[in-house]
Amino acid sequence: MEPHFNKITKAGYQKIKDEINALENSRPAKIKTLADARALGDLSENAEYSAAKRDLRHLESRLRFLRKELQYAKIYTPTDNDKVEVGKYVTVEFLDDQATETYQIVGTPEVDIDHGKISIASPIGAALLNHKTGETVTIQAPNLTYQVKIKAIKL
């Protein structure tokens, strides 16, 4: 069985690589903190040791997670057409209240709703995929169904 790769933008891939590098660079300091705390003596009542050990475990866990994400990520380069794809910016009008929003469609590892990045796995992202400017799309969210009209698609 062939592995499933997650589509991701080049910027999203680089962001994960940068976080891995930052964590790897902070690792020696965490190890030193753990060694210093261990040298303080009795480990059963050593709060510094417990905290340092927990911090190092958290760092190692995050590194494993990010490396797996990169292992199964595939950089997707959008084409220059009028179709919603990973990496493109989509301006939509919500037909219930005529509000407009612009989102960048991204892979699941790079979701950041605060910065307008929505996943192809989200209800709206999945529904918009492969549609064109001017089309009305019905979104099936967990608690409601609504419609949006695609106003613009940009690279």
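Residues numbered from 1 in each chain as written. Predicted model: local features only at pLDDT ≥ 70, side-chain atom pairs only at ≥ 80, totals over all residues. Heavy atoms only, no water.

- The name recorded for the protein chain in an unreviewed UniProt entry is Transcription elongation factor GreA, from Lentilactobacillus farraginis DSM 18382 = JCM 14108.

**Overview of the overall build of the protein chain**
Logical step 1: A count of helical and extended segments in the protein chain gives three helices and seven strands.
Logical step 2: Relative to the globule expectation of 15 Å for 155 residues, the C-alpha radius of gyration of the protein chain, 22 Å, shows a markedly less compact shape.
Logical step 3: Reported as C-alpha extents along the three principal axes, the dimensions of the protein chain are approximately 70 × 30 × 30 Å.
Logical step 4: When each of the 155 residues of the protein chain is scored for burial, the buried share is 32%.
Logical step 5: Taking all contacts inside the protein chain whose residues are at least 6 apart in sequence as the whole, residues at least 24 apart take part in 49%.
Logical step 6: Roughly 10000 Å² of accessible area belongs to the protein chain as shown, and the carbon and sulfur atoms make up 51% of that amount.
Logical step 7: Averaging the coordinates of the 23 positive side-chain charges in the protein chain and doing the same for the 22 negative ones gives two points 6 Å apart. (Helix = DSSP H or I, 4+ residues; strand = E, 2+ residues; numbered from the N terminus. Rg over C-alpha atoms; globule rule 2.2 N^0.38 Å. Buried < 20%, exposed > 50% of the residue type's maximum accessible area, 1.4 Å probe, protein only. Contact = heavy atoms within 4.5 Å. Areas by Shrake-Rupley, 256 points an atom, 1.4 Å probe, with all protein chains shown as cover. Lys, Arg positive; Asp, Glu negative; His and termini not counted. Charge placed at Lys NZ, Arg CZ, Asp CG, Glu CD.)

**Considerations on the pattern of salt bridges**
Logical step 1: Within the structure shown, the criterion is met by seven salt bridges.
Logical step 2: Note that Glu60 and Arg27 form a salt bridge whose closest N and O atoms lie 2.3 Å from each other. Placement of the pair is Glu60 in helix α2 (residues 47–71) and Arg27 in helix α1 (residues 10–38), with a sequence separation of 33 residues. (Salt bridge = Lys/Arg side-chain N within 4 Å of Asp/Glu carboxyl O.)

**Points about the side chain of Thr91**
Logical step 1: Along the chain, Thr91 falls in strand β3 (residues 89–94).
Logical step 2: A polar contact of 2.8 Å, which involves the side chain of Thr91, links it to the side chain of Thr102.
Logical step 3: Contacts of Thr91, omitting those with residues within four sequence positions, involve Glu101, Thr102, Lys149, Ile150, Lys151 and Ala152. (Polar contact = N/O pair within 3.5 Å; in protein donor to acceptor, adjacent residues only side chain to side chain.)

**A closer look at the packing of aromatic side chains**
Logical step 1: The final tally for this structure, using the stated rule, is two aromatic pairs.
Logical step 2: Judged by centre distance (6.3 Å) and plane angle (40°), the ring pair of Phe5 and Tyr72 falls under tilted. Here the residue Phe5 occupies a position in the segment before β1 (6–8), and Tyr72 occupies one in the loop between α2 and β2 (73–75), the gap between them amounting to 67 residues.
Logical step 3: Seen from their ring centres, Phe94 and Tyr146 are 5.9 Å apart, and the 35° between their planes marks the pair as tilted. Residue Phe94 is located in strand β3, and its partner Tyr146 is located in strand β7 (residues 145–154); the two are separated by 52 residues in the primary sequence. Summarising the burial analysis for this pair, Phe94 and Tyr146 share the class buried. (Phe/Tyr/Trp six-rings, centres within 6.5 Å; stacked < 30°, edge-to-face > 60°.)

**Some words on the sheet that holds strand β4 (residues 100–106)**
Logical step 1: Taken in spatial order, the five strands line up as β5-β4-β3-β7-β6 in an open sheet, and their pairing is mixed. Looking at the sheet topology across the chains shown, the edges are occupied by β5 (117–119) and β6 (136–140). Recorded for the sheet is a direction-independent mean angle of 45° between the axes of neighbouring strands.
Logical step 2: The pairing of β4 with β5 spans three bridges and is parallel. Bridge pairing in β5 places Gln104 opposite Lys117. (Pairing = 2+ DSSP bridges. Axes fitted to C-alpha atoms, helices over the stretch in contact; angles between N-to-C directions.)

**Brief notes about the layout of surface pockets**
If you roll a probe as big as a water molecule over the atoms, it shows you where there is empty space left.
Logical step 1: As a volume, the largest pocket reaches approximately 340 Å³.
Logical step 2: Ala11, Gly12, Lys15, Glu110 and Lys117 are the residues nearest the centre of the largest pocket, which is lined by 24 residues in total.
Logical step 3: Counting only elements with at least two residues in the lining of the largest pocket, the list comes to α1 and α2.
Logical step 4: Residue contributions to the lining of the largest pocket peak at six residues, all from α1.
Logical step 5: Its residues assigned to classes, the lining of the largest pocket comprises ten nonpolar, six polar and eight charged.
Logical step 6: Each of two domains, domain 1 (6–75) and domain 2 (83–154), supplies a minimum of three residues to the lining of the largest pocket. (1 Å grid on protein atoms, 1.4 Å probe; cavity = no way out; pocket = protein on both sides within 12 Å on 5 of 7 lines; lining within 4 Å. Points joined across faces, edges and corners; volume = space filled by probe spheres on them. Nonpolar A, V, L, I, M, F, W, Y, C, P; charged D, E, K, R; others polar. Domains from an automatic or database assignment.)

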